Amino acid sequence: MEIVKDPAKLREIRKKWEGESVGFVPTMGALHKGHLSLIQRARRENERVVVSIFVNPTQFLPGEDFEKYPRRFEADREICKRAGVDLLFHPTPDLIYSEDEVLVKAPQVKGYILEGHFRPGHFDGVLQIVNKLLNLVRPTRAYFGRKDAQQLFLIKRMVENFYLPTEIVECETVREPDGLAYSSRNVYLSPEERGRALSISKALKRAAKLAVNNPDVEWLTSEMKKVLQLDKLDYIAFVDRQFNPVKEVQFGNTIILIAGYVGNTRLIDNIYI
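Residues numbered from 1 in each chain as written. Predicted model: local features only at pLDDT ≥ 70, side-chain atom pairs only at ≥ 80, totals over all residues. Heavy atoms only, no water.

Draft legend 1. Spatial organisation of the packing of helix α8 (residues 191-210) against helix α9 (residues 217-227). Taken N-terminus to C-terminus, the directions of α8 and α9 make an angle of 145 degrees; their axes are 9 Å apart at the nearest point. As α8 runs across α9, the sense of the crossing is right-handed. Contacts between α8 and α9 involve Ser199, Lys202, Ala203, Leu204, Arg206, Ala207 and Leu210 on the former and, on the latter, Trp219, Leu220, Glu223, Met224 and Val227. (Axes fitted to C-alpha atoms, helices over the stretch in contact; angles between N-to-C directions. Helix = DSSP H or I, 4+ residues; strand = E, 2+ residues; numbered from the N terminus. Left-handed = near helix turned anticlockwise from the far one by under 90°. Contact = heavy atoms within 4.5 Å.)

What follows is the structure, encoded as structure tokens:
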């Protein structure tokens with residue numbers, strides 16, 4: 001496995017792979033089983049696999065956890081090596097960004113609802129870095145988890161709008177045995193907070209089950225709130241696959257999303273039904 005920091009070196013290696021399929025998994029590190037499932041799928045489906053580890057400063061808002069976001073490169077490197085990754089791209093911000101850059105902006109509607117409402121400008125930073133990485137790696141396929149559902153939707157929209165020649169592969173959310181979605185931020189949770197965090201996945205499963213007999217979103221939302229044990233709820237949302245709000249669950253075309261705080265840790269989760 002090669003470890004590369006310089007974008008120019010990455011492009012040089014990528015040229016040698018012309019004619020081979022390339023799978024790409026972009027991450028911010030602190031790799032867990034969710035990331036590993038993406039890497040393993042990329043390994044199965046492609047001749048070459050690239051993973052990036054880059055804690056992207058432009059997607060963090062002032063006062064968020066950029067400085068304390070978990071960084072454990074040595075452990076991540078070992079995970080990638082054992083998973084058969086060909087190239088690990090680990091740049092520094094000064095190699096990725098320059099002064100007075102051309103910007104990529106999130107859509108003015110779909111980029112500023114839900115996560116975009118509570119974290120305004122977040123998706124500008126996400127799309128900016130993903131656009132850069134897709135242009136550097138030029139992957140055949142790039143792998144993203146459904147846990148960040150709105151991010152996934154917007155990345156797919158960007159690839160479509162900019163005519164980028166990469167297939168975006170949606171991958172199922174990976175959960176711990178008790179149902180908690182894997183997240184790098186789970187390390188912030190105390191044992192007591194982790195117990196209450198389980199109420200998020202329980203509320204989602206409850207709504208999916210109850211919707212079979214009563215698809216009314218207003219009623220389902222009230223039922224979900226009975227289960228949740230959050231310190232602060234940012235939103236419960238029911239949307240179709242294009243992130244339009246719905247008043248009734250449409251099976252095969254609905255995503256239920258939750259965002260909120262357990263202690264000082266902000267968690268998101270969803271379920272596709």
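Having seen it, we continue.
Draft legend 2. The arrangement of the packing of helix α6 (residues 122-137) against helix α7 (residues 149-161) in detail. Put simply, α6 and α7 touch, their axes get as near as 10 Å, and they point 50 degrees apart. Comparing the axis directions of α6 and α7 gives the class oblique. Note on packing geometry: the crossing formed by α6 with α7 is right-handed. For the pair formed by α6 and α7, the contact residues are Phe123, Val126, Leu127, Val130, Asn131 and Leu134 on the first element and Gln150, Gln151, Leu154, Ile155, Met158 and Val159 on the second. Classifying every residue of the contact of α6 with α7 by side-chain character gives nine nonpolar, three polar and no charged. (Parallel < 35°, antiparallel > 145°, perpendicular 65-115°, else oblique. Nonpolar A, V, L, I, M, F, W, Y, C, P; charged D, E, K, R; others polar.)

Draft legend 3. Representation of the layout of surface pockets. In this structure, the second largest pocket encloses a volume near 200 Å³. Together, 13 residues line the second largest pocket, and Phe153, Lys156, Glu170, Arg241 and Gln242 are the ones closest to its centre. A total of six residues in the lining of the second largest pocket trace back to one element, the largest contributor, which is α7. For the lining of the second largest pocket, the per-class residue count stands at six nonpolar, one polar and six charged. (1 Å grid on protein atoms, 1.4 Å probe; cavity = no way out; pocket = protein on both sides within 12 Å on 5 of 7 lines; lining within 4 Å. Points joined across faces, edges and corners; volume = space filled by probe spheres on them.)

Draft legend 4. Broad picture of the nonpolar core. In terms of nonpolar packing, the biggest core is built from 44 residues, with Leu87, Phe89, Val130, Ile155, Phe243 and Leu257 touching the most fellow members. Examining the composition of this core, we find that nine residues originate from one element, α6, more than from any other. Contacts of Leu257, omitting those with residues within four sequence positions, involve Leu114, Ala149, Leu204, Tyr235, Ile236, Ala237, Val239, Phe243, Asp269 and Asn270. Formed by 24 residues, the second largest nonpolar core is a distinct cluster that contains Ala203, Leu220, Ile236 and Val249. (Core = buried A, V, L, I, M, F, W, Y, C linked by side-chain atoms within 4.5 Å. Buried < 20%, exposed > 50% of the residue type's maximum accessible area, 1.4 Å probe, protein only.)

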